[in-house]
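# Commentary on secondary and tertiary structure
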Amino acid sequence: MDNLAIFAAIMATVDNSVFQAIISHAKEYGFVFPSSEIYDGLSAVYDYGPWGVELKKNIRDYWWNEMTRMHDNIVGIDAAIFMHPTTWKASGHVDNFSDPMIDNKDSKKRYRVDHLIEAHAEKLNAEGKTQDAEALIAAMDALLAKEDFAGLKQLIEDNKMTCSVSETCNWTDVRQFNLMFSTEFGSTVSSDDEDNKVYLRPETAQGIFVNFLNVQKTARMKIPFGIAQVGKAFRNEIVARQFIFRMREFEQMEMQFFIRPGSQKQWYEYWKAERMKWHQALGIPAAKYRFHDHVKLAHYADAAVDIEYEFPIGWKEVEGIHSRTDFDLGNHQKYSGKKMQYFDNDLNEEGKPIGNYVPYVIETSIGLDRMFLLVLSHAYAEEKWTKEDGKEDSRVVLKIPPKVAPIKLAVLPLLKKDGLPEIARELMKECRDDFYCFYEEKDTIGKRYRRMDALGTPFCVTIDHQTKEDNTVTIRYRDTMTQERIPLGRVRETVLSKIK
Ligand code: GAP
């Protein structure tokens, strides 16, 4: 397959023209590339290009600063991806981090059972058989809750669900398929020795739990306090066909907040509100967000909610807030034989120290790549208008919130001569320490503006002959395309005031 064919193959799996346009734009303008593209790519693995890496870093910093700098009682760590294998037994991932799968015997294609059934329900809906669709989903939910795999297979066969490749109904039994990737350490571990498998972490949270006491003691934290971490996580996702929405290698931004047992409801509500505020503070409309309570809880949670965003492919989870009880710390205590208790010397009603307990935990967990996709989905716009001379004009613009935009300011000398580049270079020198600036002297000003629109650059400054006379420049605002003249000496502060 050549590059175009790979790209077409990715796009063919996405049933939405706006979403397809975003994927094309992300590739064409250096935001996201398929991984190892010259070898035909690797399914559900992506690389970030020059502007993607800047956008991703800015989102990461926006999260990190909010969580750590803005909270006296939250500190960060950076734990290793590899962890002792027992970590994943204690966390429940070895036994529980799996999805029921079914294979088509003719095509050998593997499906997640819930996705296969949901796709069939969507087909019924499209045919106007909404009641049948609802009944099918209800039956599936009941069987999933009971982990009745034989019943699920029966449901698939009774409804004559077929494989999209072979178009047959020749299915294997339903089996659990663990989503963790594993590897071997040195020569002492053999890959078929289940007890000693080394896993690529499927969530960053466990690096926080196992370091709970190290951090509490060294940073002298008192409950309630939090530990934040950003890092890669890996999951062998079976249905991985929605661009960077569901990847096999991705980045999480997680925070575990350690609290007194019994206070979890209050802190759960607190973090729900805080996290929603963080999303909306970027300027993304509140109407595009909603909460979605989990009905089926993960093995570690006593309450859980998703923050969902209305992507071009529908409402989808971008962040989870989970009340994880003392499940993780309690299990690490059990499996390691090391105490994971905190001594609370605050006084109780009787005037005595509250004493030792294993803390409860509220977790906030957001996918960095998914947040990246959210920002692109919010920002992408195709605009058309009629100019004063009656001619049609159009542009593709990324209205990325200035705070996280990859390039904040483009500095554009009108001509490559007459001392204009020198003035532009001076301005670059003044600003580049504070924010990312981009210098461009090729092409007409109109073309340069369009390119900056496509990269999401909120401000462009043009240096022209008038600049030499009165030290003013034209600043052009991306979203409104309006322009005004401001003193050259005010460019830096103007941009800073909009991105802080
Ligand atoms: N520690 C809790 C945890 O990992 P999760 O709901 O499985 O919870 C949290 O994942 C977030 O990580 C999700 O809301 C999503 O943003 C992101 N995420 C999960 N799986 C992902 C994947 N395969 N690709 C991209 N992002 C993913």
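Now for a description of the structure that goes with this document. (Residues numbered from 1 in each chain as written. Predicted model: local features only at pLDDT ≥ 70, side-chain atom pairs only at ≥ 80, totals over all residues. Heavy atoms only, no water.)

### Looking at a nonpolar patch on the surface
Taken together, the side chains of Ile81, Phe82 and Phe185 define a hydrophobic patch exposed on the protein surface, amounting to about 250 Å² of accessible area. Looking at the secondary structure, you find Phe82 in the loop between strand E3 (74-76) and helix H4 (86-90). With a relative accessible area of 39%, Phe82 lands in the partly exposed category. (Patch = residues over 30% accessible without salt bridge, like charges linked within 9 Å, V, L, I, M, F, W, Y side chains within 5 Å. Areas by Shrake-Rupley, 256 points an atom, 1.4 Å probe, with all protein chains shown as cover. Salt bridge = Lys/Arg side-chain N within 4 Å of Asp/Glu carboxyl O. Helix = DSSP H or I, 4+ residues; strand = E, 2+ residues; numbered from the N terminus. Buried < 20%, exposed > 50% of the residue type's maximum accessible area, 1.4 Å probe, protein only.)

### Overview of the sheet that holds strand E6 (residues 175-178)
Pairing is antiparallel in the open sheet, where three strands are placed in the order E5-E4-E6. The sheet is open, and its two edges are formed by strand E5 (110-112) and E6, each paired on a single side. Ignoring strand direction, the axes of neighbouring strands in this sheet form an average angle of 50°. Of the pairings in the sheet, the one linking strand E4 (residues 98-103) to E6 comprises four bridges and is antiparallel in character. Residue pairing across strands places Asp99 opposite Phe177, the latter belonging to E6. (Pairing = 2+ DSSP bridges. Axes fitted to C-alpha atoms, helices over the stretch in contact; angles between N-to-C directions.)

### Quick look at the environment of His322
Structurally, His322 is set in strand E13 (residues 314-325). Residues His322 and Glu237 lie 85 residues apart in sequence; the distance between their C-alpha atoms is 21 Å. Excluding its chain neighbours within four sequence positions, the residues that come into contact with His322 are His294, Tyr300, Ala303, Ala304, Val361, Ile362, Glu363 and Ser365. At 2.5 Å, the side chain of His322 forms a polar contact with the side chain of Glu363. (Contact = heavy atoms within 4.5 Å. Polar contact = N/O pair within 3.5 Å; in protein donor to acceptor, adjacent residues only side chain to side chain.)

### A few points about the site of the ligand
Around the ligand, the surrounding shell holds 20 residues, and the nearest of these are Glu203, Arg235, Met247, Glu254 and Glu317. Here Glu317 contributes a side-chain N or O atom positioned 2.5 Å from an oxygen atom of the ligand. At a separation of 2.9 Å, a nitrogen atom of the ligand approaches a polar side-chain atom of Glu363. In the complex, 93% of the free accessible area of the ligand, which totals 550 Å², lies under the protein chains. Of all the secondary-structure elements, those providing two or more residues to the shell around the ligand are strand E10 (249-259), E13 and strand E16 (360-367). It is E13 that provides the largest number of residues to the shell around the ligand, a total of six residues. (Near = heavy atom within 4 Å.)

### What about the sheet that holds strand E23 (residues 483-487)?
Sheet architecture is open: five strands sit in the order E20-E19-E21-E22-E23, paired in mixed fashion. Only two strands of the sheet have a single partner each, and these edge strands are strand E20 (437-439) and E23. Averaged over all pairs of adjacent strands, the angle between their axes in this sheet comes to 30°, without regard to strand direction. Lying over the sheet, helix H17 (residues 491-499) contacts strand E19 (409-413), strand E21 (459-463), strand E22 (472-477) and E23, oriented at roughly 20° with respect to E22.

### Observations regarding helix H11 (residues 264-280)
With 17 residues, H11 should reach 24 Å at 1.5 Å per residue; the first-to-last C-alpha distance of 24 Å fits that figure. Every buried residue of H11 is accounted for by Gln264, Trp267, Tyr268, Trp271, Lys272, Glu274, Arg275, Met276, Trp278 and His279. (Expected span 1.5 Å × (residues − 1).)

### A short note on the side chain of Glu203
Counting through the fold element by element, Glu203 comes out in the loop between strand E8 (198-200) and helix H9 (205-210). The class for Glu203 is buried, based on a relative accessible area of 4%. A polar contact of 2.7 Å, which involves the side chain of Glu203, links it to the side chain of Gln206. Within the local environment of Glu203, its side chain forms a polar contact with the side chain of Arg324, the two groups lying 3.2 Å apart. Here Glu203 is in contact with Trp88, His93, Ala233, Arg235, Gln252, Glu254, Arg324 and Glu363, once residues within four sequence places are set aside.

### Overview of the pattern of salt bridges
All chains considered together, the criterion is met by 34 salt bridges. Between Lys222 and Asp346 there is a salt bridge whose closest N-O contact spans 2.7 Å. One end of the pair, Lys222, is in the loop between helix H10 (212-218) and strand E9 (225-234); the other, Asp346, is in strand E14 (residues 342-347), and 124 residues separate them in sequence. With a closest N to O distance of 3.2 Å, Asp393 and Arg450 form a salt bridge. One end of the pair, Asp393, is in strand E18 (residues 392-398); the other, Arg450, is in helix H15 (residues 445-455), with 57 residues separating them in the sequence. Connected through shared salt-bridge partners, Glu383, Arg395, Lys399, Asp453 and Arg476 make up one network.

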